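# Reading the structure
Here is what each chain is made of, one letter per residue.
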Amino acid sequence: MKETIKTKIIQFMEESRKKSFSMEEIAEALQLQKSEDFKNLVQTVAAMEREGSILFNKKGKVKLPMQRVLVEGTFRANERGFGFVSIDEEEEDIYIPKESTGYAMDGDTVAIDILQAADPFSDKGAEGKVVEIRKRAVTQVVGEFTLFDEAEIQETDLYGVVQPKDKKMNDLKVFIGAEGVRPVDGSIVIVEITHYPEKGYSKSLEGLVKKVVGHKNDPGMDILSIVVANGIPTKFEEATLAEADAVPDAIDPAQFPERRDLREQLIVTIDGADAKDLDDAVTVRKLANGNFFLGVHIADVSYYVTENSALDKEAFERGTSVYLTDRVIPMIPQRLSNGICSLNPHVPRLTMSCEMEIDSSGKVIKHEIFQSIIQTTERMTYQAVNEILEDQEPETMARYASLVPMFKEMAELHQILEAMRVRRGAVSFEDREAKVLVDEAGHPQDILLRERGVGERLIESFMLAANETVAEHFNKRRLPFIYRIHEEPKEEKMRRFFDFASALGIVVKQTKGSITPKDLQKVVEDVADKPEAMVVNTMLLRSMQQAKYSEDNYGHYGLAADYYTHFTSPIRRYPDLIVHRLIRSYSTDPSESNQEKWEQNLPDIALHSSQMERRAVEAEREVDALKKAEFMADKVGEEFDGIISSVVKFGLFVELPNTIEGLIHITALKQDYFHYLENHLALVGERTGQTFKIGQKVRIKVIKADPETREIDFELIEAEEVVRIQQPKNKQNKENKQRRQTSDRQKKENLRGKSPRKKKKNGNSKKKPFYKGIKKK
């Protein structure tokens, strides 16, 4: 009854031109003048005032409160409690202090009130407060289950508690209702969330166990936990597997008269020795006119994974294959990826081909894109190709004697294409990749640096050429298409990079007022042989935007390419599969209706593919960090040489030669009180002026390596002497004052004291689980 009156009051006031109303006016409008009705009206208005949905003005009239202008965005949680809300790709994120998160969790769609606008002069960003959670991102959690004893289960109506595996939920506990599945202690479980954090229970959730994944002691469960926690499916649906099983193991070329038959050509695959899904093959030959012929032939996965099939729907959902330390979680069933779709040697396979004629400057002067059949001559490894190109192994040269001339021509064409990319300004970062070698039980045994020889780089050159050619082909025909884009760096991030570079004495020259890839390439080249090369590369990488998929062509900034797509890996990337599908679709039906269909579908495909790519990268990084921490666990107490790879407010990250990174916390730097100078990316001692900055050589001792938290901590033994940075006096005085004020506040709090939490009779002070009728404390 009262809820109905409340709704009518608000509707009446919103629809009226007046701003305020007497009780009599409201009663008359709603026909509530009778004694009992008027009494209910007064009670309802009183309750509405208490909850803030109406206000009384100075004259005692009722009015609606002024509507706050709320901004909607996505909340990103930080492990230390605070967060940021992303509103728009073009805008800086809004900082949300720890006390203003409104119990939002990572990924939630929230409405925020802007408390403080951004100040461009002081370089201070906007600050906000979460006032409403509009959509929860996390509906299920993966973690380790701890079983309560029988007495506690009876008392609380809870089976136990789950500690989430997600690092951003480290400080949360999920209490499990005593319904449905009752796991054994130590189980890794998937929990369906039924209650979220709220006032009085800011660090607690409640849920029901949906599925038991396994036990924490099962082999490989550490990696599987990360996979499941990131929402990556580990098994294919029955319908998907049934469709894969229905695909034949071999093809009869005679059944494909419409395809161009290239089986007589000299075509090879070049991959890593352990690769099983061979999705690209190449051929190169020099033409009579001095130009090069390059054929790039890609497995035609789209022939088998047809539109709206079960295979297609699941491939779309997965978006990409995920490559982890000891396993691959494929995008399509292995019966296809390692079987009929893999370009295995000496057997016919269906392909999409891009043939190009390339002149001596690296320009593609002619091209054709078509459906084909190939039969690869040989399955080559990077190692074998590198041995041939370096004339190192006579045995390898002899074994592949008939192919050696082609590999020499491939190397020549690669040099031409690489020089072309350098001329136009492609920014090249030689990042170091490491591979963690594990035993059969999944325990890390060694960490090897991946080396990129000419064999690896020439395949990259040929794939880049094909990707650019295909993208340009469809862009110039103005057909709806999916592109791989890398947008220009944001002005704000570039400005910070300029400030940082100038502090190192590096002048970044700009072309006609804007920063081009060639300008940045020049910076990388100029510092290549200098001690600060790593510093500059690190900062420049941080200044770049992330590459993503889009239905609009914005070019690829890092490659300095006007057109770019992903055409070359349809076994493991869904956008590549879509590019193949588009090629086939437009070749058979170029109608406007078909173009309109793709124009409507491509934005969702591009967005989802980008999101799934980020998910896969996140899982790969987590597994990498887990195995590296596990590798260092038995090396606590040992000393290593390394370099400072990053400097942050709370300390120094040091990278060892094997790419393992650990933290020296600022509190562990006992020799002085250190200030963080953002423009220099350095920590500077207040008293001694001792300076720590990126690229500096150090010797460290391992003091902690925890696979559970994936954290590695170092202790500084000694550091290379570097030029000391003078800290600005006004900054130093201001920070000293702030530090003294903080210290004084802390002392007062300590003197004031806090009442200790009451203990249970049995002496156990552990806070009881919540919900299920348990009283708040």
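Residues numbered from 1 in each chain as written. Predicted model: local features only at pLDDT ≥ 70, side-chain atom pairs only at ≥ 80, totals over all residues. Heavy atoms only, no water.

## As for the overall build of the protein chain
Note the threshold: In DSSP terms, a helix is any run of H or I states spanning at least four residues, a strand is any run of E spanning at least two, and both are numbered starting from the N terminus. Residue exposure (1.4 Å probe, protein chains only): buried if accessible area is under 20% of the type maximum, exposed if over 50%, otherwise partly exposed. Residue contacts are counted whenever heavy atoms from the two residues lie within 4.5 Å of one another. Each accessible area is a Shrake-Rupley result for a 1.4 Å probe, and residues are judged covered by the shown protein chains and nothing else. The charge count treats Lys and Arg as positive and Asp and Glu as negative. His and the chain ends do not count. Where a charge lies is defined by one atom per residue type: Lys uses NZ, Arg uses CZ, Asp uses CG and Glu uses CD.
Helix and strand content of the protein chain: 19 helices and 34 strands. Expressed along its principal axes, the backbone C-alpha trace of the protein chain runs to roughly 100 × 70 × 65 Å. Expressed as a percentage of its 777 residues, the buried residues of the protein chain come to 47%. Intrachain contacts of the protein chain at a sequence separation of at least 6 include 65% that bridge at least 24 residues. When the accessible area of the protein chain is evaluated, it comes to approximately 41,100 Å², of which 48% is carbon and sulfur surface. Averaging the positions of the 116 positive and the 130 negative side-chain charges in the protein chain gives two centres separated by 8 Å.

## Thoughts on the packing of helix 6 (residues 238-246) against helix 8 (residues 310-318)
Just so we agree on the cut-off: Each axis is a line fitted through C-alpha atoms, taken for helices only over the stretch in contact, and angles between the N-to-C directions span 0 to 180 degrees. Oblique is the label for every angle not falling under 35 degrees (roughly parallel), over 145 degrees (roughly antiparallel), or within 65 to 115 degrees (roughly perpendicular). By definition, any crossing whose near helix is turned counterclockwise from its far helix by less than a right angle is left-handed, and any crossing with a clockwise turn is right-handed. For this classification, the nonpolar set comprises Ala, Val, Leu, Ile, Met, Phe, Trp, Tyr, Cys and Pro, the charged set comprises Asp, Glu, Lys and Arg, and every other residue, Gly included, is treated as polar.
In contact at an axis separation of 8 Å, helix 6 and helix 8 are set at 120 degrees when each is read in the N-to-C sense. In terms of orientation, helix 6 lies oblique with respect to helix 8. Of the two elements, helix 6 crosses helix 8, and the hand of that crossing is left-handed. Residues Ala239, Thr240, Glu243 and Ala244 of helix 6 pack against Ala310, Leu311 and Glu314 of helix 8. Among the residues making up the contact of helix 6 with helix 8, the classes are represented as 4 nonpolar, 1 polar and 2 charged.

## Considerations on the pattern of salt bridges
Quick note on the threshold: Criterion for a salt bridge: a side-chain nitrogen of Lys or Arg within 4 Å of a carboxyl oxygen of Asp or Glu.
Inspection of the entire model under this criterion finds 40 salt bridges. For Lys18, the salt bridge is made with Glu25, and the minimal N-O distance between the two is 2.8 Å. Judged by its relative accessible area of 39%, Lys18 falls in the partly exposed class. Note that Glu132 and Arg134 form a salt bridge whose closest N and O atoms lie 3.5 Å from each other. Since its relative accessible area comes to 36%, Glu132 is described here as partly exposed. Overall, Arg134 belongs to the partly exposed group, its relative accessible area being 40%.

## Some words on the domain arrangement of the protein chain
Size of an interface, as often reported, equals the accessible area lost when the parts are brought together. What counts here: Domain delimitation in this document rests on an assignment produced automatically or drawn from a domain database.
Split into domains, the protein chain comes out as domain 1 (5-63), domain 2 (70-135), domain 3 (140-218), domain 4 (238-485 + 556-620) and domain 5 (634-719). Taking only C-alpha atoms into account, the centre of domain 2 sits 40 Å from that of domain 4.

## Description of the sheet that holds strand 1 (residues 20-21)
We apply this condition: In short, DSSP must find at least two bridges between two strands for them to pair.
Read from one edge to the other, the open sheet built from 3 strands follows the order 1-3-2, with strand pairing classed as antiparallel. Strands with a single pairing partner mark the edges of an open sheet, and in this sheet they are strand 1 and strand 2 (55-56). Two elements, strand 1 and strand 3 (residues 62-63), share 2 bridges in a ladder whose sense is antiparallel. Residue pairing in the sheet places Ser20 in a bridge with Lys63 of strand 3.

## Some details on the sheet that holds strand 32 (residues 691-693)
The antiparallel open sheet is built from 3 strands, whose spatial order is 30-31-32. Sheet topology places strand 30 (674-677) and strand 32 at the edges, where each strand pairs with a single neighbour. The sheet shows a mean angle of 20 degrees between the axes of neighbouring strands, taken without regard to direction. The pairing of strand 30 with strand 31 (residues 682-685) spans 4 bridges and is antiparallel. Within strand 31, the residue paired with Tyr676 across the bridge is Leu683.

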